Amino acid sequence: MRSILLGLRYLLVIPLVFAFTTFATAQGRTVQGKVVDEKGEGLIGVTVLLKGTSTAGATGVDGTYTLSVPSEAGTLVFSYVGFKTQEVPINNRSTVNVILASDSKTFDEVVVIGYGTVKKSDVTGSVASVRGEDLTAIPVTNALGVMQGKVPGLDLTTASGQAGASLNLSIRGNRSVNASNRPLVLVDGIRYDGPLDVNPNDIASMEVLKDATATAIYGSLGANGVILITTKSGAAGKPKVTLNSYYGIQTLNGYADIMTGPEWVQLRREARRTVGEWSSPADDEKILPPAQFDNFRNGIWTDWADQLLGTGSQQNHQIGISGGSDKLTYYLSTEYFNEKGLLKMDQLKRYSGRLNIGYKLLDNLKISTSLLYAQRDQDFRRDPLNQANKMSPLGRPYDDEGNFQVFPVGDASTLNALVDEQPGAFENNEINRRFFGNLSVDYNPIKDLTITSRFGIDQSSSRNGLFAATNTIDTGPNGLSLARAELGNFSRFTWENFANYTKALSDRHEISVLLGSSIWGERTELFAAQGRNVLSSTLKFYNLGASQSAYQLESNLVERSMASFFTRLNYKLMNRYLFTLVMRTDGASVLATGKKWDYFPSASVAWILKEESFLQNVNSITDLKLRVSYGVSGNSQISPYMTLGGLGRSTYAWDETPAYGYYPGALSNPNLSWETTATANVGLDFGFFNNRLTGTLDMYQQDTKDLLLERLLPTTSGYERVIDNIGKVRNRGVELQLSTVNLDKVDGFRWTSDFSFSRNKEEVRYLGDGVERDLSFGTFGLHVGHPINSFYDYEKIGIWQLGEEEQALKNQQKPGDIKVKDQNGDGVITPADRVVIGNGVPDWTLGVTNRFSYKNFDLSVMVYARVGQTIISEAAGSYKVDGLENGPMVDYWTPENPTNAYPRPNASTSRASTRYYTTLQYVDGSFAKVRDLTLAYNFPKTLISGLKLSRLRAYVTAKNYFILYSEIKPYDPERGGSLSFPMTRQMVFGLNVEF
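None of the values given here were measured: they were computed from a predicted structure. (Residues numbered from 1 in each chain as written. Predicted model: local features only at pLDDT ≥ 70, side-chain atom pairs only at ≥ 80, totals over all residues. Heavy atoms only, no water.)

A.B. asks: Would you mind showing me how to read the overall build of the chain here?
C.D. replies: For the chain, the helix and strand inventory stands at 11 helices and 50 strands. Overall, the C-alpha framework of the chain stretches about 100 × 70 × 65 Å when taken along its three principal axes. Taking contacts inside the chain between residues at least 6 apart in sequence as the whole, the part at least 24 apart equals 69%. For the chain, the accessible area works out to roughly 43,700 Å², and carbon and sulfur atoms hold 55% of it. (Helix = DSSP H or I, 4+ residues; strand = E, 2+ residues; numbered from the N terminus. Contact = heavy atoms within 4.5 Å. Areas by Shrake-Rupley, 256 points an atom, 1.4 Å probe, with all protein chains shown as cover.)

Below is the structure:
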């Protein structure tokens with residue numbers, strides 16, 4: 001094994017030796033020597049550079065080098081990946097030998113864990129870090145988006161192309177059905193829900209905790225994984241000012257091909273031909289309304305989606321100031337963010353400010369605070385693309401005089417898809433103001449002991465106002481105008497007290513103990529009112545009293561809380577054996593009386609193999625550590641009051657006067673308890689060839705039981721539903737993360753790569769004794785042996801063809817109809833022939849980032865792939881078989897076109913009445929794309945020093961620009977199949993400035 005590793009090492013560095021070795025032909029002298037490591041082993045491929053010149057060479061296989069220099073003076077610079085760079089003056093010597101010290105920063109960098117920090121080399125759980133240039137690699141609305149393809153085990157996609165679009169994210173699969181699967185996000189130790197309004201330039205690091213040992217310290221809150229975000233703080237020294245600014249242009253990144261006017265007319269012809277109402281173009285006047293027939297005859301038609309989808313933009317401008325003294329440090333930043341979507345009136349503006357301060361009151365007493373204020377001003381657009389895609393293309397949005405046509409296709413029921421864009425017609429605006437922060441006190445009463453008290457607050461208020469005039473998409477043709485206003489207030493406090501004690505008992509024993517408690521409570525209030533037939537559209541939603549009918553009032557209050565106690569013990573033996581024990585107990589207000597408290601333990605052990613004698617002299621292995629962990633976590637992330645039951649409301653009429661009554665809706669469950677997950681994890685951290693190759697390999701299994709499921713009840717019970725602890729789910733997977741230094745040449749050329757691979761298998765294991773599937777959950781039910789989000793339907797195998805009439809007739813079908821598989825072979829198609837035909841969980845995900853640098857230029861390319869998931873395609877499922885409405889262009893069956901893709905158009909049926917129609921909508925959602933491509937130029941300090949700048953970097957980024965693989969091009973499958981708010985691509989231009 002050792003010989004193989006050494007061979008690989010030589011293969012990596014021999015090309016560097018030839019690339020680096022140069023010989024001086026001018027007058028001078030020769031300097032030679034040997035470069036070894038701290039153990040005296042010769043190092044191959046060490047760069048030897050005469051400082052201030054381009055004269056350079058490299059060491060050979062035994063660590064020796066020879067370099068021609070012009071004089072006896074000068075300084076040699078020795079550099080090598082995984083070792084500290086060393087400068088040695090020549091001092092008129094002909095032999096210069098050097099011992100390079102190992103640079104172990106890769107494994108000794110400090111990472112943030114729950115309620116503390118630890119050296120990476122001492123981590124016993126599965127923890128992944130994102131920091132440095134990865135945090136600002138791409139422009140994002142939500143800072144969590146930078147982790148896509150960077151962290152194995154984290155499945156992250158953008159929900160849509162809407163301005164301010166949310167993120168879909170999970171860590172190591174889905175475990176819950178009714179409870180939340182979303183990871184816990186903490187900013188500077190305090191829980192942060194909702195869209196992350198923290199600028200990536202304000203973030204120092206992100207840590208993702210994945211296994212039970214890493215997450216157990218957060219108990220039930222960390223059941224789905226934990227994302228720790230640490231913001232920047234100041235440092236003693238003169239003030240440092242940074243300016244980060246970019247502007248990007250957003251364009252459409254592929255869309256379904258909606259039928260043109262002639263294509264839609266052909267579909268309509270075929271649908272009428274099937275029922276004998278069309279035989280030639282002479283019959284077109286019979287199948288088209290008069291106005292549309294005239295437009296068709298004159299070649300007039302409109303691509304309505306094209307009229308709506310334009311060009312958007314995204315810009316961000318951030319200024320940060322940091323500095324301080326021995327007693328006071330500070331970091332201050334402010335931000336303006338503006339994103340405009342592809343649709344008019346789809347826009348997000350965000351203003352935020354951050355202040356982080358640390359102050360030493362005494363030598364052993366420090367107070368610090370981290371504060372964020374953010375305001376979001378967002379205009380939400382009522383999606384018009386459904387209207388645009390289904391309405392007849394045989395019309396024009398404006399007449400010959402340029403006047404807007406409310407009813408553009410000659411009838412009084414089809415609204416122009418652009419109606420909401422008319423002045424004063426529509427507005428949906430939300431303003432959210434959020435204050436988020438914490439105050440911490442750190443006290444060191446004795447050496448090695450730190451006591452921390454931290455109080456956090458998350459306070460937000462929002463106002464949402466909606467106005468839709470008559471003849472808008474919300475109100476419909478000649479409908480009454482609608483005005484609605486909502487006011488919401490949210491507050492959460494968190495108070496945590498914990499103590500950390502770390503002590504090196506000897507050179508063989510080191511312990512670290514954490515003991516703490518945490519309480520938090522939250523309160524959400526909502527007040528809403530609406531009315532119709534507003535006196536004047538100029539009032540919008542600011543005067544609901546001007547509504548003349550259909551008044552509605554709503555209000556709501558939701559409260560919940562949790563108390564916790566926790567402890568953690570870390571023990572390090574002989575610098576190579578690491579042990580971690582964690583225990584946390586949580587009490588959740590949302591669970592039943594007597595079931596609110598539970599205990600969540602975990603344990604892990606790590607073995608630093610590199611410290612063993614049999615590996616200490618294996619130079620090709622720089623670091624090697626084996627980790628094993630097991631633990632249990634809980635989940636109580638359900639809506640409050642579900643244990644108490646609930647009422648449903650019915651509407652009655654008394655002499656045409658509405659009245660309301662209430663009936664038992666949900667059955668109470670006094671035994672509702674915790675959903676628990678047991679996780680086993682085996683991991684390997686490694687570094688080879690002086691950390692030229694580093695990485696982490698993890699394998700895990702998660703078993704979740706007592707799922708919090710809301711199930712339907714038979715009507716004879718008198719109730720609709722009840723929430724109960726039923727079922728088991730398992731997730732198993734493997735994760736691999738690699739970082740490589742491929743080339744590091746003396747002439748300034750450097751090439752590094754990062755790989756992130758995840759594979760997860762999710763399956764429902766148990767739903768009850770003898771129960772293989774339960775169809776009462778959601779649209780598709782739950783199925784033993786398959787993921788939670790599985791699609792259960794008939795399996796389409798084609799279209800019945802001419803010559804198959806007799807076979808088709810057995811199922812009351814005919815040529816041109818959808819053919820599905822007879823799964824049980826009984827000769828007839830029944831509901832028993834339905835099977836699981838796909839699921840929304842990818843088989844694997846992959847992220848590959850290559851970075852190239854040459855002198856002052858940087859180039860990075862990030863490719864992201866998500867493979868194996870099935871999506872429900874709105875385009876594939878929007879085929880209008882009756883030809884009454886428009887839709888995406890598909891390959892439908894006719895006697896002259898015997899395709900197996902889509903059934904024959906038929907004016908006598910509809911989508912709802914077409915047998916097995918839903919089988920058309922399932923498509924392979926796999927994709928691979930160049931997520932971002934960035935070219936940057938770092939201006940030389942000799943050019944910018946006169947401007948008093950310490951850094952000036954200009955860059956251009958192509959984000960989401962190239963789809964390398966997709967079964968449904970040009971559509972971007974990351975959107976998930978929907979045609980509303982399609983995905984965008986961006987061309988971004990930016991500057992990074994530092995004073």
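A.B. asks: Explanation requested: a nonpolar patch on the surface in the structure shown.
C.D. replies: Taken together, the side chains of Phe 579, Val 605, Trp 607, Phe 614, Leu 626, Val 628, Val 682 and Met 699 make up a nonpolar region of the molecular surface, amounting to roughly 640 Å² of accessible area. Among the elements of the structure, strand E28 (597–608) and strand E29 (621–635) are those that each provide at least two residues to the nonpolar patch. One can find Trp 607 in strand E28. A residue is classified by how much of its surface remains accessible, and Trp 607, at 31% relative accessible area, is partly exposed. (Patch = residues over 30% accessible without salt bridge, like charges linked within 9 Å, V, L, I, M, F, W, Y side chains within 5 Å. Salt bridge = Lys/Arg side-chain N within 4 Å of Asp/Glu carboxyl O. Buried < 20%, exposed > 50% of the residue type's maximum accessible area, 1.4 Å probe, protein only.)

A.B. asks: Mind showing me how you'd approach the sheet that holds strand E15 (residues 203–209) here?
C.D. replies: Sheet strands line up and pair through hydrogen bonds in the backbone, either parallel or antiparallel. The five strands are arranged E10-E15-E16-E13-E14 in an open sheet whose pairing can be described as mixed. Across the chains shown, the open sheet's two edge strands, defined by having one partner strand only, are strand E10 (127–131) and strand E14 (190–191). Of the pairings in the sheet, the one linking strand E13 (residues 184–187) to E14 comprises two bridges and is antiparallel in character. Across the sheet, the residue bridging to Val 187 is Ile 190, located in E14. (Pairing = 2+ DSSP bridges.)

A.B. asks: Would you take a moment to explain the packing of aromatic side chains for this structure?
C.D. replies: One pair of aromatic rings is described through two measures. These are the centre distance and the angle between the planes. By the definition in use, this model includes 25 aromatic pairs. Here Tyr 336 and Tyr 351 contribute two aromatic rings whose centre-to-centre distance is 5.4 Å and whose plane-to-plane angle is 40°, an arrangement assigned as tilted. With Tyr 336 in strand E19 (residues 328–340) and Tyr 351 in strand E20 (residues 347–362), the pair connects residues that are 15 residues apart, well separated along the chain. Assessed through its relative accessible area of 25%, Tyr 336 is described here as partly exposed. Pairing Tyr 879 with Tyr 902 gives two aromatic rings, centres 5.5 Å apart and planes at 75°, and the pair type is edge-to-face. Residue Tyr 879 is found in the loop between strand E46 (870–872) and strand E47 (922–924), and its partner Tyr 902 is found in the loop between E46 and E47; the two are separated by 23 residues along the sequence. Judged by its relative accessible area of 13%, Tyr 902 is buried. Grouped by ring-pair contacts, the aromatic residues Tyr 115, Tyr 218, Phe 498 and Phe 566 constitute a single cluster. (Phe/Tyr/Trp six-rings, centres within 6.5 Å; stacked < 30°, edge-to-face > 60°.)

A.B. asks: Explanation requested: the pattern of salt bridges in the structure shown.
C.D. replies: For side chains of opposite charge, pairing can occur when their charged atoms come near one another. The tally for this structure, following the rule as stated, stands at 50 salt bridges. Notably, a salt bridge pairs Arg 523 with Glu 559, separated by 2.7 Å at the nearest N-O pair. Taken together, the residues span a long stretch of sequence, with Arg 523 in strand E25 (residues 509–534) and Glu 559 in strand E26 (residues 547–573) at a distance of 36 residues. The network of salt bridges with common partners includes Arg 191, Asp 193, Arg 434, Asp 458, Arg 492, Glu 522 and Arg 560.

A.B. asks: Would you mind showing me how to read the nonpolar core here?
C.D. replies: The tendency in soluble globular proteins is for nonpolar side chains to be buried as a group. Counting 29 residues, the largest nonpolar core has Tyr 218 and Ile 638 as its most contacted members. The set of elements that each furnish at least two residues to this core consists of E13, strand E16 (226–231), E25, E26 and strand E27 (577–588). The residues contacting Ile 638, other than those within four sequence positions of it, are Ala 179, Arg 560, Val 590, Leu 591, Leu 672, Leu 708 and Ile 723. Residues Val 140, Val 146, Tyr 192 and Phe 436 belong to the second largest nonpolar core, which totals 28 residues. (Core = buried A, V, L, I, M, F, W, Y, C linked by side-chain atoms within 4.5 Å.)

A.B. asks: In this structure, what is going on with unusual backbone geometry? I would like to understand it.
C.D. replies: Comment: phi is negative for the bulk of residues other than glycine, and the bulk of peptide bonds are trans. That bond from Lys 969 to Pro 970 is cis: its omega, 5°, falls within 30 degrees of zero. Tracing the backbone through its elements, the reader meets Pro 970 in the loop between strand E49 (951–966) and strand E50 (984–994). Located in the positive-phi region is Tyr 916, a residue other than glycine, with phi close to 65°. Within the secondary structure, Tyr 916 is located in the loop between E46 and E47. With a relative accessible area of 9%, Tyr 916 lands in the buried category. Its identity is not glycine, yet Asn 960 carries a phi of approximately 60°, on the positive side. Structurally, the position occupied by Asn 960 is in strand E49.

A.B. asks: Got a minute to help me understand the pairing of E28 in this structure?
C.D. replies: Two faces belong to every sheet, and in a regular strand the side chains alternate between them. Relative to E28, E27 runs antiparallel, the two sharing 11 bridges. Paired with Phe 579 across the strands is Val 605, a residue of E28. Judged from the seven bridges that link them, E28 and E29 form a sheet pairing that is antiparallel. Looking across to E29, one finds that Ala 603 is bridged to Tyr 630.

A.B. asks: Sorry, what's going on with the sheet that holds strand E1 (residues 29–36) here?
C.D. replies: The three strands lie next to each other as E4-E1-E7, forming an open sheet whose pairing is mixed. Of all strands in the sheet, those bounded by a partner on one side alone are strand E4 (64–69) and strand E7 (98–99). Relative to E4, E1 is paired through six bridges, and the arrangement is antiparallel. Bridge pairing in E4 places Gly 33 opposite Tyr 65.

A.B. asks: Hey, could you run me through the environment of Gly 587 in this one?
C.D. replies: Position of Gly 587 relative to the elements: it lies in strand E27. In the structure, Gly 587 is positioned 195 residues away from Ser 392 in sequence and 58 Å away in space, judged by C-alpha atoms. Excluding residues within four positions of it along the chain, Gly 587 makes contact with Ser 561, Met 562, Ala 563, Lys 596 and Trp 597.

A.B. asks: Hey, could you run me through the confidence of the model for the chain in this one?
C.D. replies: When pLDDT is low, close inspection of the predicted coordinates is not appropriate. Of all residues in the chain, 94% attain a pLDDT of 70 or more, and the chain-wide mean is 90. A low-confidence stretch, residues 1–27 (pLDDT under 50), is modelled with 44 contacts involving residues beyond four sequence positions or located in other chains. (pLDDT = per-residue confidence, 0-100.)

A.B. asks: Quick question: what am I supposed to make of the pairing of strand E22 (residues 426–443) here?
C.D. replies: Bridging between strand E21 (residues 365–379) and E22 involves 15 bridges; their strand directions are antiparallel. Bridged to Asp 377 within E22 is Ile 431. Bridge count between E22 and strand E23 (residues 449–468): 18 bridges; the pairing is antiparallel. Each residue of the ladder has a partner; that of Arg 433, found in E23, is Ser 461.

A.B. asks: Would you explain the environment of Tyr 255 in this entry?
C.D. replies: Turning to its location among the elements, Tyr 255 is positioned in the loop between strand E17 (237–252) and helix H4 (261–274). Along the primary structure Tyr 255 and Lys 969 are separated by 714 residues, whereas in three dimensions their C-alpha atoms are 8.2 Å apart. Polar side-chain contacts of Tyr 255 include one of 3.0 Å to the side chain of Asn 389. Looking at Tyr 255, its side chain comes within polar contact range of the main-chain oxygen of Leu 979, at 2.9 Å. (Polar contact = N/O pair within 3.5 Å; in protein donor to acceptor, adjacent residues only side chain to side chain.)

A.B. asks: Please explain the side chain of His 783 as it appears in this structure.
C.D. replies: With respect to the helices, strands and loops of the structure, His 783 is situated in strand E39 (residues 782–783). His 783 sits in the buried class, given a relative accessible area of 1%. Within polar-contact distance, the side chain of His 783 engages the side chain of Arg 773 at 3.2 Å. Beyond its immediate chain neighbours, meaning those up to four positions away, His 783 contacts Val 764, Leu 767, Glu 772, Arg 773, Leu 775, Ser 790, Tyr 792 and Val 836.

A.B. asks: Help me understand helix H6 (residues 290–297) in this model?
C.D. replies: Owing to its 3.6 residues per turn, the α-helix aligns residues three or four sequence positions apart on the same side. Taken as a whole, H6 has its buried residues at Gln 292, Phe 293 and Asn 295. For H6, the angular spread of buried residues about the axis comes to 165°, placing them on one side. Seen from the open side of H6, the exposed residues pointing more than 90 degrees away from its buried face are Pro 290 and Arg 297. Summarising the contacts, the buried residues of H6 are in contact with H4 and helix H5 (284–287). Once H6 finishes, Gly 299 follows within two positions and takes phi at roughly 70°, a positive value. (Arc of directions from axis to C-beta.)

A.B. asks: In this structure, what is going on with the environment of Ile 519? I would like to understand it.
C.D. replies: Along the chain, the position of Ile 519 falls in strand E25. Owing to a relative accessible area of 35%, Ile 519 belongs among the partly exposed residues under this scheme. Here the alpha-carbon distance between Ile 519 and Ala 485, two residues 34 residues apart in the chain, equals 34 Å. Setting aside chain neighbours within four positions, we find Ile 519 in contact with Phe 493, Thr 494, Trp 495, Met 562 and Ala 563.

A.B. asks: Is there a simple way to think about the side chain of Arg 463 in this case?
C.D. replies: Along the chain, the position of Arg 463 falls in strand E23. Only 3.0 Å separates the side chain of Arg 463 from the backbone oxygen of Asn 429, close enough to count as a polar contact. The contact partners of Arg 463, leaving out residues within four places of it in the chain, are Asn 429, Glu 430, Ile 431, Glu 486, Leu 487, Phe 541 and Tyr 542.

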